[in-house]
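The primary structure of each chain is shown beneath.
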Amino acid sequence: MLKGHFTSAGAVIDYGDAAGLFPVVELDATVLQYRDAQLALDDVDGSDVIVVGPTSLATSYFLTQHALTAIPVETLPEAVRARLDDEIPAPIETFELIQVGKWNTDNPNHSLAEFTNA
């Protein structure tokens, strides 16, 4: 089940337009991943989050497999901020975080045996 700000995001930026963010481990900014990213995303309203969205099946697969990552906008290098600012409808300063990757919750594991009596 999908969790996070994919449906409530203040802005969505296409994967190709967010190329300056990848690879995130080489980004000169604060990069929160896994549990740290979950906690950071839980603390902000969805309207304050920019989500990197897929543009094709390949980018969808990449983003689904990518570790959940939250990048505070204020820590981005000015050049990256300027490029991203050109791609979103509102000024980038109005956002707190950029979400990369999908936050999925565990679904209960169902057996096919449950459906034999139906």
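Look up: the structure comes first, before these words.
The notes below deal with the structure included here. No experiment lies behind these values; they were computed from the predicted model shown. (Residues numbered from 1 in each chain as written. Predicted model: local features only at pLDDT ≥ 70, side-chain atom pairs only at ≥ 80, totals over all residues. Heavy atoms only, no water.)

On to the overall build of the protein. Along the backbone of the protein there are 3 helices and 7 strands. For the protein, the residues scored as buried account for 35% of the 118 residues in total. Pairs at least 24 apart in sequence give 86% of the contacts found in the protein among residues at least 6 apart. On the protein, roughly 7000 Å² of surface is accessible, and the fraction owed to carbon and sulfur atoms is 51%. (Helix = DSSP H or I, 4+ residues; strand = E, 2+ residues; numbered from the N terminus. Buried < 20%, exposed > 50% of the residue type's maximum accessible area, 1.4 Å probe, protein only. Contact = heavy atoms within 4.5 Å. Areas by Shrake-Rupley, 256 points an atom, 1.4 Å probe, with all protein chains shown as cover.)

Turning next to the sheet that holds strand β3 (residues 32-33). Judged by pairing direction, the sheet is mixed, and its 5 strands sit side by side in the order β2-β4-β6-β5-β3 without closing on themselves. Strand pairing shows two members of the sheet lacking a second neighbour, β2 (11-14) and β3, which therefore form its edges. Sheet topology places β3 next to strand β5 (residues 69-72); 2 bridges connect them, and they run antiparallel. Among the inter-strand pairings, leucine 32 is bridged to a residue of β5, identified as alanine 70. (Pairing = 2+ DSSP bridges.)

Looking now at the nonpolar core. A general trend in soluble globular proteins is that nonpolar side chains are found buried together. One finds Leu21, Val52, Leu84 and Ile98 to be the most contacted residues of the largest nonpolar core, which totals 20 residues. Of all the elements in the fold, those that place two or more residues in this core are β2, β4 (49-53), α3 (78-85) and β6 (97-100). (Core = buried A, V, L, I, M, F, W, Y, C linked by side-chain atoms within 4.5 Å.)

Here the focus is the packing of aromatic side chains. Here the structure, examined in full by the defined rule, presents 3 aromatic pairs. For the ring pair tyrosine 15 and phenylalanine 22, a centre distance of 5.1 Å and an interplane angle of 40 degrees mean the geometry is tilted. Here tyrosine 15 falls in the partly exposed class, since its relative accessible area comes to 23%. For phenylalanine 22, a relative accessible area of 17% corresponds to the buried category. Taking 5.6 Å as the distance between ring centres and 80 degrees as the angle between the ring planes, the aromatic pair formed by phenylalanine 22 and phenylalanine 62 counts as edge-to-face. With phenylalanine 22 in the loop between β2 and β3 and phenylalanine 62 in helix α2 (residues 57-65), this residue pair connects regions lying 40 residues apart in the sequence. According to the relative accessible area criterion, phenylalanine 62 is partly exposed, its value standing at 33%. Each residue in the set Tyr15, Phe22 and Phe62 is aromatic and connected to the rest through ring pairs, giving one cluster. (Phe/Tyr/Trp six-rings, centres within 6.5 Å; stacked < 30°, edge-to-face > 60°.)

Let's shift gears to the pairing of β5. Where a strand is regular, its side chains alternate between the two sheet faces. Neither face of β5 is open: one carries Thr69 and Ile71, the other Ala70 and Pro72, and all of them are buried. Alignment of β5 against β6, held across 4 bridges, turns out to be antiparallel. Bridge pairing in β6 links isoleucine 71 to isoleucine 98.

Turning our attention to the pattern of salt bridges. In the structure shown here, the tally under the stated rule is 1 salt bridge. Note that arginine 81 and glutamate 93 form a salt bridge whose closest N and O atoms lie 3.6 Å from each other. Within this pair, whereas arginine 81 is found in helix α3, its partner glutamate 93 is found in the loop between α3 and β6, the two being separated by 12 residues in sequence. (Salt bridge = Lys/Arg side-chain N within 4 Å of Asp/Glu carboxyl O.)

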